[in-house]
Amino acid sequence: MHSLLRVNMDLSQLKEIGFEDEWLPLEDVKQGMIHIQLTWLWLANDPLELDRVMEQVMQDTRQDKTLEENKTHVAMLMVFLDSAMNLPRGKKTLQEPSPQAVLSVGQQEMESTIRQNTNEPRWEESFRFMLHNPNYQNLEVEIKDTKSKKPIGATLVKLKELLVAEDMVLDQKFHIKTSEGDSYVNMRLALRILTPNANPEWMGLDDDLIEETADKKEGGDGTSVDSKKEETAAKDAANGSSVDSKPKSAAAGNAESAGSGVQGDGGAATTISESMIDSPQAAPAAQDSGLRQRNVVKNDAGEFELGRIQMTFRYSQGRERLVIVVHKCSSLKPVEGDSKNLADPYVRMYLLPDKSSSSKKKTKVIKDELNPVFDETFEYAVSETELARRTLEVTVKNEVGMFSSSKTFMGTLLLDLSTLDVSRAVTNWFDLAPEHQVKSTSFESDI
C-alpha cells in the first residue's frame, strides 16, 4: 500500500501550548493542505478531575450537535494481567488446560498469549483500554481452554470501584466464577483521567506504571503479590486507608487527534458502548485463611466500644451526586442472643430529614462476622446547596430471622454534611454510638 498524503509535525511545542489548530501543507505533492487539531492530554489520578472532564464533554456536546458524548474518550484503563491460580482441570481426562485470557471493555477486546498445559498460568502482560465513562463501564476477563475450546471461568470488575481506590489503583486477586473450586486471577488495574489541565503532581512516571509492576512481580524485590497485599491490609487496619493521600505519581502526556479518539502505544482507540452488568466482589485477602474474624481489638472498638466504620465521601459537582463508599467495619460488638457470639451485620443509611424508601440505602449482609468488608458504592442526587442542609444517618444492624431473639441494633452515627469538603474525596473512620448517645459528627473534627 502506497502513502498518498504525508505531513510531518513538530510536537515539542504542543506540550507547552496544549492545543493546536492549523492547516499544514502536504509533502511530496504539488499542492494540497490538511486541517489538523491536536490536544495535549495529561493522565490524572484525581477522581474529581473526571467530573470536570465529563462536564466539559457535556458542554461541548450541547454546543456542537455533531459530537457524540459516548464517543469521547475521557480516561485510560491500564491492566497488568499477572497470573491465575487453581483453574479446574478437565473432568474426564484430568489433563491440564492450556488457558488464554480474553479481556474486554465493551466492544474493545484483547487476548493474552496461550500458556500450555497448566492450571496456574503466568502471563505477565499489559493491556490498555480507552474509556468514555468509567462510572458505568466494566472490565470483563474470561479465561478459556484453547485445547477444548471451552470457557473455564470469568470475572467482572466495575471500573467505578477504581475511582475510590487509593491512587485509583487495584492490585489484588479477583475471584473467577468457575464450575468448581476457588479460582483467582491476579491483576493490577490503574485508572487515569485524560485531562488538558496540567498539574505538577500528575507529571510523574505513571505512563510506565504497569510495566514497573511487571518488573516487581518478576522478583525485583523478592516479595509476592499476596504478601504485598497483606502488608497493605495491615497498614490499613492500623491507620485507615485514604483516597485523599498525596498521589505517588501521575502522568506523562498523550496527544489526541480531535475527532478520531486518543492514540496510545501506536494504536487508535475503539469507540465502545455496552449495557451495565453486575460484577462479583473482588476476593478479600482474608478469604485465603477461611477463618472468620471474631476477636475484638480493644483499641479499635471506638469511644463507645461498639466498633468503627470506614467510609469514603466524594461530591460530584458536575452530576450533583453525593457518592458514598461503605468500606468496612472493625471490632463490632457481638449481639446478645447470637448462638455463635458473632453477628450478621449490614449498614443502612438515610439522607435526613428524608426517611422515605428512596432515601434508604442498604449494603449486603455479611454472615457471622465482626469485621465485615462491604466495599459497596451508593449515590444520592442532591444539589450542593441542599447538601449543606442534610445529615447522613448511618446505622449498623444485625440481620435476624423471624423467630430469632437476637438484637438488631449494633451502632449508629450522624454525619453533618455541611462540614464536608466538596472539593476532594474524604476517607475516614467513624466511631459507632448507642442510639441514646448519638450526636452529630463533623468531618472537620474527625479527619
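Each chain carries its own residue numbering, running from 1 in the direction its sequence is written. Confidence filtering applies because this is a predicted model: local features only for residues at pLDDT of at least 70, side-chain atom pairs given and counted only at 80 or more, and all residues used for totals across whole chains, interfaces and linings. Only hydrogens and water are set aside when side-chain values are computed; all heavy atoms of the structure are taken into account.

As annotated in an unreviewed UniProt entry, the protein is Extended synaptotagmin-like protein 2 from Elysia marginata.

Q: For this particular structure, what's the right way to read the environment of isoleucine 324?
A: Where helices and strands are cited, they refer to DSSP runs of H or I of at least four residues and of E of at least two residues respectively, numbered from the N terminus. Its location among the elements puts isoleucine 324 in strand β15 (residues 321-330). For isoleucine 324, a relative accessible area of 0% corresponds to the buried category. Taking C-alpha positions, isoleucine 324 is 8.3 Å from glutamate 376, a pair spaced 52 residues apart along the chain. The contact rule is simple, with two residues in contact once any of their heavy atoms fall within 4.5 Å. The contacts of isoleucine 324, once residues within four sequence positions are left out, are Met311, Thr312, Phe313, Met349, Glu376, Thr377, Phe378, Tyr380 and Leu392. The buried label applies to any residue whose accessible area, calculated with a 1.4 Å probe on protein chains only, is under 20% of its type's maximum; exposed applies above 50%, and partly exposed to all values in between.

Q: Any chance you could explain the nonpolar core here in plain terms?
A: For soluble globular proteins, the rule of thumb is that nonpolar side chains tend to be buried together. In these notes, a set of buried Ala, Val, Leu, Ile, Met, Phe, Trp, Tyr and Cys residues joined through side-chain atoms within 4.5 Å is what counts as a nonpolar core. Of all hydrophobic cores here, the largest spans 37 residues; its most connected members are Leu77, Val79, Leu103, Phe129, Leu139, Met187 and Leu189. When contributions to this core are tallied by element, the ones reaching two or more residues are α2 (47-63), β3 (75-85), β4 (99-105), β6 (122-131), β7 (138-145), β8 (150-158), β9 (169-178) and β10 (183-195). Membership of the second largest hydrophobic core comes to 36 residues, among which are Leu322, Val396, Met410 and Leu432.

Q: Would you explain the sheet that holds strand β18 (residues 373-381) in this entry?
A: Sheet strands pair by backbone hydrogen bonding; their relative direction is either parallel or antiparallel. Pairing between two strands requires that DSSP report at least two bridges joining them. The strand order across the open sheet formed by 4 strands is β18-β15-β14-β21, and the pairing between neighbours is antiparallel. The strands lining the two open edges of the sheet, one partner per strand, are β18 and β21 (426-431). In this sheet, adjacent strand axes meet at a mean angle of 25 degrees when their direction is disregarded. Where strand β14 (residues 308-316) lies against β15, 9 bridges are found, and the strand directions are antiparallel. Across the sheet, methionine 311 pairs through a bridge with valine 326, a residue of β15. Angles here are taken between N-to-C directions and fall from 0 to 180 degrees, while the axes themselves are lines fitted to C-alpha atoms, restricted in helices to the stretch in contact.

Q: What's the story with the environment of histidine 132 in this structure? I'm lost.
A: Its location among the elements puts histidine 132 in the loop between β6 and β7. For the pair formed by histidine 132 and methionine 76, sequence separation is 56 residues and the distance between their alpha carbons is 8.9 Å.

Q: Please explain unusual backbone geometry as it appears in this structure.
A: Leaving glycine out, the prevailing phi sign among residues is negative, and the prevailing peptide bond configuration is trans. Of note, the bond from leucine 352 into proline 353 is cis; its omega dihedral lies within 30 degrees of zero at 10 degrees. Structurally, the position occupied by proline 353 is in the loop between β16 (345-352) and β17 (361-362). Even without glycine at this site, glutamate 124 takes up a positive phi of about 55 degrees. For glutamate 124, the position within the fold is in strand β6. With a phi close to 60 degrees, aspartate 167 is a non-glycine residue in the positive phi region. Relative to the elements of secondary structure, aspartate 167 occurs in the loop between β8 and β9. Aspartate 167 gets classed as buried once you look at its relative accessible area, which sits at 12%.

Q: So what exactly am I meant to see when it comes to the pairing of β7 here?
A: Every regular strand shows the same layout, with side chains that alternate between the two sheet faces. Across 6 bridges, the pairing between β4 and β7 is antiparallel. Across the sheet, alanine 101 pairs through a bridge with isoleucine 143, a residue of β7. For β7 and β8, the ladder comprises 8 bridges, and the chain directions are antiparallel. Bridge assignment links asparagine 138 to a residue of β8, and that residue is lysine 158. As consecutive antiparallel partners, β7 and β8 are separated by 4 residues, and within that stretch lysine 149 has a phi angle of approximately 65 degrees, a positive value.

Q: Whenever I open this one, the side chain of threonine 412 confuses me. Can you help?
A: Assignment of secondary structure puts threonine 412 in strand β20 (residues 409-416). Under the relative-accessibility criterion, threonine 412 is labelled buried at 6%. As used in this structure description, the phrase polar contact means that two N or O atoms lie within 3.5 Å; if the pair is within protein, one of them must be able to donate a hydrogen and the other to accept it, and residues adjacent in sequence are counted only when both atoms belong to side chains. Within polar-contact distance, the side chain of threonine 412 engages the backbone oxygen of valine 394 at 2.9 Å. With residues up to four places along the chain from it excluded, the contact list for threonine 412 reads Glu393, Val394, Thr395, Asp431, Leu432, Ala433, Pro434, Glu435 and Val438.

Q: It is not clear to me how the packing of aromatic side chains should be interpreted in this structure. Could you clarify?
A: The relative placement of two aromatic rings is captured by the distance of their centres and the angle of their planes. Aromatic pairing here means that ring centres of Phe, Tyr or Trp (its six-membered ring) are within 6.5 Å. Orientation follows from the plane angle: under 30 degrees is stacked, over 60 is edge-to-face, and everything else is tilted. Overall, the coordinates contain 3 aromatic pairs when judged by the stated rule. Measuring from ring centre to ring centre gives 6.3 Å for phenylalanine 313 and phenylalanine 430, while their planes differ by 90 degrees; the resulting arrangement is edge-to-face. Remark: phenylalanine 430 occurs in strand β21 and phenylalanine 313 occurs in strand β14; sequence separation between them is 117 residues. Side by side, phenylalanine 313 and phenylalanine 430 carry an identical accessibility label, which is buried. An angle of 90 degrees between the planes, with centres 6.0 Å apart, marks the rings of phenylalanine 430 and phenylalanine 443 as edge-to-face. Highlighted residues: phenylalanine 430 in strand β21 and phenylalanine 443 in helix α6 (residues 443-446), separated in sequence by 13 residues. Across the pair, phenylalanine 443 and phenylalanine 430 agree in class, each one buried. Feature note: the residues Phe313, Phe430 and Phe443 constitute an aromatic cluster, connected by ring pairs. In this structure, lysine 173 packs its charged tip against the face of tyrosine 184, placed 4.9 Å from the ring centre. The criterion for a charge sitting over a ring is simple: Lys NZ or Arg CZ within 6 Å of the ring centre, and within 35 degrees of the ring normal. The ring of tyrosine 346 carries lysine 362 above its face, with NZ or CZ at 4.6 Å from the centroid.

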